[in-house]
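Fold and geometry: a report
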Protein chains: 2
Amino acid sequence: MRSYKAEPGKKSHAVELETLPSFLLNHIVHKYHQVLQSKLRSSDISMLQMRVILTLHSHDRLTVGELCNFAIAEQPTMSRALDSLELRGLVRREMSESDSRLRLISLTEKGLAMHDEIRPVVLGLNDAMVADFGEEQRATFTRQLSAVLVNLGRM
Amino acid sequence: MRSYKAEPGKKSHAVELETLPSFLLNHIVHKYHQVLQSKLRSSDISMLQMRVILTLHSHDRLTVGELCNFAIAEQPTMSRALDSLELRGLVRREMSESDSRLRLISLTEKGLAMHDEIRPVVLGLNDAMVADFGEEQRATFTRQLSAVLVNLGRM
């Protein structure tokens, strides 16, 4: 099996670095955020706030810790994002009925409206990323990405 | 062709969000950085500094602007990373012979040694990400990631 490990003593070349999965993945995510941020300019929300809104729509009510995992942020950054979303009336924090120390976060009506505004933009950009892939290629791509995530989770 | 666009009026489900390429890509890159950062703890370099060192090794001498593109950072963040690398004696800045307004950045001997320390870790992690992929699957994965990057670049 071909390995990404360079042969000893062999000077690496630019082309080798640029075909490493990590190189491509980093550049894709960076460019994706650039494009999405520009498409969502009129909605005035950050990429993290966008992920929070999509995640809350899928999961209904989540703790801050769960949101950190699903929407990717450290707790202090997530808390600031939630403060800002709450201030704009897009999310609410409520005490959990089963554990009064827990706060559960959910979308307000205004948050649901914001979701409906940004979701088509996100889905459209996901479509555009793989515009020239056939159905089978899309399925392979998703399956491979999922496998990589599982592999990383085992480390 | 299957589209990521939800049918009108159909409530989306968590599972749909979690198979979106953008969701998987974001989580992969986040997890990759977490794992790599922990593996490189003894080298005491940031993820951006790691990318700068790998990029300079591949391209020899680059301007700050070129480094911003290849190693992914905005100019102020890149300048701070370079200040720190220069202070540690890992990179040098020299005046371009063809244009005295341009500074070219390259690795010092100490920077090359740091490169040789971190490169196997980066390549090993890239291998581990696709450990269960055959040669053909790896090639497909790289080709699909490159295609996605091209598609995003057109937007």
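Structure's up top.
Numbering of residues begins from 1 in every chain and follows the order in which that chain's sequence is written. Here every chain gets a letter starting at A, and every ligand a number starting at 1, in the order they are written. Residue-level local features of this predicted model are given only where pLDDT is at least 70; pairs of side-chain atoms are given and counted only at 80 or more, and the full residue set underlies all totals for whole chains, interfaces and linings. Side-chain calculation: all heavy atoms of the structure are included, whereas hydrogens and water are not.

**Description of the nonpolar core**
What counts, and what does not: Take the buried residues of types Ala, Val, Leu, Ile, Met, Phe, Trp, Tyr and Cys, join any two whose side-chain atoms come within 4.5 Å, and each joined set is a nonpolar core. Whether a residue is buried, partly exposed or exposed follows from its accessible area with a 1.4 Å probe, protein chains only, as a fraction of its type maximum: under 20%, in between, or over 50%, in that order. Throughout, a contact is declared for two residues whenever any of their heavy atoms are within 4.5 Å.
Met78 of chain A together with Met78 of chain B are the most contacted members of the largest nonpolar core, which has 92 residues in total. Those residues in contact with Met78 of chain A that sit more than four places away from it in its chain are Leu48, Val52, Val64, Leu67, Cys68, Ala71 and Ala73 of chain A.

**Some remarks on the pattern of salt bridges**
Heads up, the condition is: The salt bridge criterion pairs a side-chain nitrogen of Lys or Arg with a carboxyl oxygen of Asp or Glu, the two atoms within 4 Å. Runs of H or I in DSSP of at least four residues are treated as helices and runs of E of at least two as strands, each being numbered from the N terminus.
Overall, the coordinates contain 12 salt bridges over all chains when judged by the stated rule. Across the pair Glu16 of chain B and Arg119 of chain A runs a salt bridge, and its minimum N-O distance is 3.3 Å. Residue Glu16 of chain B is found in helix α1 (residues 14-17), and its partner Arg119 of chain A is found in helix α6 (residues 109-129); the two belong to separate chains. Arg93 of chain B is the salt-bridge partner of Glu86 of chain B, the closest N and O atoms lying 2.6 Å from each other. Overall, Arg93 of chain B belongs to the partly exposed group, its relative accessible area being 28%. Taken together, the shared-partner salt bridges connect Asp83, Glu86 and Arg93 of chain A into one network.

**Topic: helix α6 (residues 109-129) of chain B**
All names here are of chain B. Defined as follows: One fewer than the residue count of a helix, multiplied by 1.5 Å, yields its expected span. Take the seven residues that end at a residue and the seven that start at it, fit an axis to each, and the angle between those axes is the bend at that residue.
When the terminal C-alpha atoms of α6 are compared, their 31 Å separation across 21 residues agrees well with the 30 Å that a helix rising 1.5 Å per residue should span. Most pronounced at Ile118, the bend in α6 amounts to some 30°, and the proline Pro120 follows within four residues. Looking at α6, one finds that the buried residues are Gly111, Met114, His115, Ile118, Arg119, Val122, Leu123, Leu125, Asn126, Asp127 and Met129.

**As for the layout of surface pockets**
Put simply, the rule is: Using protein atoms alone on a 1 Å grid, points that fit a 1.4 Å probe yet trap it form a cavity, whereas open point sets bounded by protein on both sides within 12 Å along at least five of seven lines form a pocket; residues with an atom within 4 Å of a point count as lining. Grid points are joined across faces, edges and corners, and a volume is the space filled by probe spheres set on the points. Residue polarity is assigned by list, with Asp, Glu, Lys and Arg as charged and Ala, Val, Leu, Ile, Met, Phe, Trp, Tyr, Cys and Pro as nonpolar; anything else, Gly included, falls into the polar class.
Considering only enclosed or pocket space, the largest pocket measures out at about 580 Å³ in volume. In terms of lining residues, the largest pocket is bounded by 18 residues, among which Asn26, Val29 and His33 of chain A together with Val29 and His33 of chain B are the most central. Every element with two or more residues in the lining of the largest pocket is listed here: α2 (21-39) of chain A together with α2 (21-39) and α3 (47-59) of chain B. Residue composition of the lining of the largest pocket, grouped by class: 6 nonpolar, 9 polar and 3 charged.

In short, the description is geometric, and any link to function would need to be established separately.
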